[in-house]
Amino acid sequence: MRTRTARRVGPAAAVAVALISVTSCSGAGTADLVAALRKIEKKTDGVSSAKVEGTIEMGDLMSMKQTGVVGWADGLSGSMQITYTGGSMAGVLKQGGGNGAMEARYYKDGYAVNMGDAFAAQTGGKHWISYRYADMAELAGASGEAMKQQMQSAAPNQGVRSLLASGDVEKVGEEDVRGVSTTHYSGTLDVAELTGKDSGLDDKQLAELKQQLNEAGISTEQVDIWVDKNDLLIKKTERAKMKTGEMNVTMYYSDYGTKVSAEKPPAADTATFTDVMKDLEKSVAQAG
């Protein structure tokens, strides 16, 4: 694992400093950095929920804003208010009579979205559509994997584990984020070189991380986190190339330990993603 230092100067200068100051750290330095990240991971896992605000861009597929509350004690759970601002997803929603704004509720194995009255008019009065991550990957291909990646990236502990597994992480320095004093850590993941050595991750955690990145078509990913004095994430960014294009994620976290509510919508008001896809295939076949 390597460490790099960068003074708090302008962005261009900071990049230059980082590039010319790469050094191989001593075993003690590596151990200290891993220990700090493990402490952050343990603290984040312990509080298990937070308010989230962020933006996500995934190539031509979508760009979106989201706010809400998520928990990660047993997989991802919670609810978000989402607004699609661009990409093919926004176009599809507008064609269906929507305005791009919706509520999403997350569960361990999938999530549900309130698509609004326009969707209900086409599905026998059902406003919600439910997705299983496994079904999305199988039926929607690269776009399904991209959506799965987007959902799983919401939890802050994912960013910490990514840095632990990277083998190439730096403590950039002290920075203010929305008025909060934080420590900035940065690292680059190379999926082909991910290893549990010196990372503190167990085999299961490492395998899950590799699978998530591979399925999304990510070979390398830049991850940055900003952590406050209580060892809790205040901000996280992720940058990578996916099957669907460039991925740019920025998340802000606050109010750790807040209550999480993710009640499943009534079955009578919910259509499944698999059924919607099958109906779409039938419509296309009949039209052909």
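Note that the structure is a prediction, hence the values are computed from the model and not measured.

Novice: For this particular structure, what's the right way to read the pairing of strand S8 (residues 128-132)?
Specialist: For a regular strand, the rule is simple: side chains alternate between the two faces of the sheet. Here five bridges tie strand S7 (residues 110-114) to S8, and the two strands are oriented antiparallel to one another. Across the sheet, the residue bridging to Val113 is Ile129, located in S8. Sheet analysis places S8 next to strand S14 (residues 270-272), joined by three bridges and oriented parallel. Residue Ile129 lies in a different strand from S14, and its bridge partner there is Ala271.

Novice: Explanation requested: the environment of Arg178 in the structure shown.
Specialist: Within the secondary structure layout, Arg178 lies in the loop between strand S9 (169-177) and strand S10 (180-190). Classification of Arg178 as exposed rests on a relative accessible area of 53%. Once the C-alpha coordinates of Arg178 and Lys235 are considered, the two residues, 57 residues apart in sequence, prove to be 9.5 Å apart. Each residue touching Arg178, except ones within four places of it in the same chain, is listed here: Glu53 and Tyr252. There is a polar contact of 3.1 Å between the side chain of Arg178 and the side chain of Glu53.

Novice: Teacher, can you tell me more about the pattern of salt bridges here?
Specialist: Close approach of charged atoms allows side chains of opposite charge to pair. Inspection of every chain in the model, using the stated rule, returns nine salt bridges. Close ionic contact of Glu41 with Arg161 constitutes a salt bridge, the shortest N to O distance being 2.9 Å. Placement of Glu41 in helix H2 (residues 27-47) and of Arg161 in helix H6 (residues 156-166) is noted, with a sequence separation of 120 residues between them. With a shortest N-O distance of 3.2 Å, Asp74 and Lys108 are connected by a salt bridge. Linking Asp74 in the loop between strand S4 (62-71) and strand S5 (77-86) with Lys108 in the loop between strand S6 (101-107) and S7, this pair joins segments that are 34 residues apart in sequence.

About the thresholds
Residues numbered from 1 in each chain as written. Predicted model: local features only at pLDDT ≥ 70, side-chain atom pairs only at ≥ 80, totals over all residues. Heavy atoms only, no water. Pairing = 2+ DSSP bridges. Helix = DSSP H or I, 4+ residues; strand = E, 2+ residues; numbered from the N terminus. Buried < 20%, exposed > 50% of the residue type's maximum accessible area, 1.4 Å probe, protein only. Contact = heavy atoms within 4.5 Å. Polar contact = N/O pair within 3.5 Å; in protein donor to acceptor, adjacent residues only side chain to side chain. Salt bridge = Lys/Arg side-chain N within 4 Å of Asp/Glu carboxyl O.

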